[in-house]
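# Coordinates in review
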Amino acid sequence: MKKINPISEIVGETTDVESWLMRAGLRFSDLGNDAASIAIRRQWREYQAAVHRCCVTLHQPPSRVQLSGDYASLRIPGSALTNCEIDRLSSRP
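Just so it is clear, the structure is predicted and the values come from calculations on it, not from any experiment. (Residues numbered from 1 in each chain as written. Predicted model: local features only at pLDDT ≥ 70, side-chain atom pairs only at ≥ 80, totals over all residues. Heavy atoms only, no water.)

## As for the state of the cysteines
In the structure shown here, the tally under the stated rule is 0 disulfides. Free cysteine cysteine 54: the closest other cysteine sulfur is in cysteine 55, separated by 5.7 Å. Cysteine 54 sits in the buried class, given a relative accessible area of 1%. Overall, cysteine 55 belongs to the buried group, its relative accessible area being 13%. (Disulfide = S-S within 2.5 Å. Buried < 20%, exposed > 50% of the residue type's maximum accessible area, 1.4 Å probe, protein only.)

## Let's talk about the side chain of serine 37
The residue serine 37 is located in helix α2 (residues 35–58) in this model. Engagement of the side chain of serine 37 in a polar contact is seen with the backbone nitrogen of glycine 32, the distance being 2.8 Å. Within polar-contact distance, the side chain of serine 37 engages the side chain of aspartate 34 at 3.0 Å. (Helix = DSSP H or I, 4+ residues; strand = E, 2+ residues; numbered from the N terminus. Polar contact = N/O pair within 3.5 Å; in protein donor to acceptor, adjacent residues only side chain to side chain.)

## Considering the packing of aromatic side chains
Under the definition given, this model contains 3 aromatic pairs. Pairing tryptophan 20 with tryptophan 44 gives two aromatic rings, centres 5.1 Å apart and planes at 55°, and the pair type is tilted. Of the two residues, tryptophan 20 sits in helix α1 (residues 17–22) while tryptophan 44 sits in helix α2, which places them 24 residues apart along the sequence. The exposure class of tryptophan 44 is buried, given its relative accessible area of 17%. Three or more aromatic residues joined by ring pairs make a cluster, and in this case those are Trp20, Trp44 and Tyr47. (Phe/Tyr/Trp six-rings, centres within 6.5 Å; stacked < 30°, edge-to-face > 60°.)

## Focus: the pattern of salt bridges
Scanning the model with the defined rule gives 3 salt bridges in all. For arginine 23, the salt bridge is made with glutamate 13, and the minimal N-O distance between the two is 3.2 Å. Highlighted residues: arginine 23 in the loop between α1 and α2 and glutamate 13 in the loop between β1 (5–6) and α1, separated in sequence by 10 residues. Among the salt bridges present, the one from arginine 75 reaches glutamate 13, with a minimum N-O distance of 2.6 Å. Here the residue arginine 75 occupies a position in the loop between β2 (65–66) and α3 (83–90), and glutamate 13 occupies one in the loop between β1 and α1, the gap between them amounting to 62 residues. Connected via shared salt-bridge partners are Glu13, Arg23 and Arg75. (Salt bridge = Lys/Arg side-chain N within 4 Å of Asp/Glu carboxyl O.)

Here's what the structure looks like:
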């Protein structure tokens, strides 16, 4: 928890999955049942848990905090995925 820090300027986190996905240029409709989509859904749950813990600890709304340290990779959907996998998801009709 000590790796989650408040920010000096408001960049903030979100509780909206569409906003979170837009950080990687994705939409919810881009996700399917493939391994990459399942990994992104799992990352969303981890992200939401980290944001919730941070908000409770700091007594701030999500828009007033920013994940950093070990949690920073959760900020961008699919950050654990390769660019090729994200490109494939983005190119779905």
